[in-house]
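So the chains spell out like this:
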Amino acid sequence: SKKAIIFDLDGVIVDTAKFHFLAWRDLANKLGIDFTEKENEQLKGVSRVRSLEKILAWGNKELSSEDFEQYMQEKNENYLKYVDQLTQADILPDVHKRLEELKQKQHPIALGSASKNARRILKQMQLTHYFDAIVDGNEVTKAKPDPEVFLKAAELLKASPEDAVVFEDSVAGVQAANQAQMLSVGIGEKSVLGEADYVFKDFTEISDKVFQQITN
Ligand code: B16
Ligand code: MG
């Protein structure tokens, strides 16, 4: 049977990390907390709740649960203003081409993302039809590096983990894929994603031959 292919969203299909950065920085600055690209790096693949907890810890700040909810909502509204401007042109290089190729070859395809906005983002970029299953931040109880998100995705695709391949840009996501016993393909820096079975800077670095090897 065909290998099941699971894609992370942010950092793999689209670079929404820059929008998360802008929205979290606004919020952190409002709370008087410094926030740079370096901090943002540590929020990749991390849930919304956990992200705010981390920011507060960096700033040695505490919030009432009411304020916590309020700030999360504010961040998300701010973030969605950027998301609403996304178009197909924002799909990362060669991703569309590979989705099309996998679809042609009748591979089962899933999304495995920590984001609660995943469906909205896919729709915005007109990519929804490529996915036979979507598992996102609304469906998982245990965040990456827990393998839950990818195991659920494989289950929905009726594939066993050994027959699944995961494309991920975050350390937590690569660890989740490894824990799920799936083939992990890191998209990013080798120095960061060294635990992955393969690492490529981006999809343009994966030749046709290698892409076929990985997905077959
Ligand atoms: P939301 P992924 C993750 O998406 C992002 O990498 C992470 O930075 C973000 O905090 C998380 O989604 C939650 O996103 O606030 O939209 O629910 O990489 O797992 O696709
Ligand atoms: Mg990601």
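Definitions and cut-offs
Residues numbered from 1 in each chain as written. Chains lettered and ligands numbered in written order. Predicted model: local features only at pLDDT ≥ 70, side-chain atom pairs only at ≥ 80, totals over all residues. Heavy atoms only, no water. Near = heavy atom within 4 Å. Polar contact = N/O pair within 3.5 Å; in protein donor to acceptor, adjacent residues only side chain to side chain. Areas by Shrake-Rupley, 256 points an atom, 1.4 Å probe, with all protein chains shown as cover. 1 Å grid on protein atoms, 1.4 Å probe; cavity = no way out; pocket = protein on both sides within 12 Å on 5 of 7 lines; lining within 4 Å. Sits in = over half its atoms within 2 Å of the grid points. Nonpolar A, V, L, I, M, F, W, Y, C, P; charged D, E, K, R; others polar. Helix = DSSP H or I, 4+ residues; strand = E, 2+ residues; numbered from the N terminus. Buried < 20%, exposed > 50% of the residue type's maximum accessible area, 1.4 Å probe, protein only.

Around ligand 1 there are 16 residues in total, and Val46, Ala114, Ser115, Lys116 and Asn117 lie nearest to it. Contacts to ligand 1 include Leu9, whose backbone N or O atom sits 3.3 Å from an oxygen atom. For ligand 1, an oxygen atom lies 2.7 Å from a polar atom in the side chain of Ser113. When ligand 1 sits alone it has 470 Å² of accessible area, and the protein chains cover 98% of it. More than half of the atoms of ligand 1 fall within 2 Å of the grid points belonging to the largest pocket. Across the shell around ligand 1, the residue classes break down as four nonpolar, six polar and six charged.

What follows is about the environment of Val46. You can see Val46 is positioned in the loop between helix 2 (37-41) and helix 3 (48-58). On the accessibility criterion, Val46 (22% relative accessible area) is partly exposed. Sequence-wise, Val46 and Pro145 are 99 residues apart; in three dimensions their C-alpha atoms are separated by 9.1 Å.

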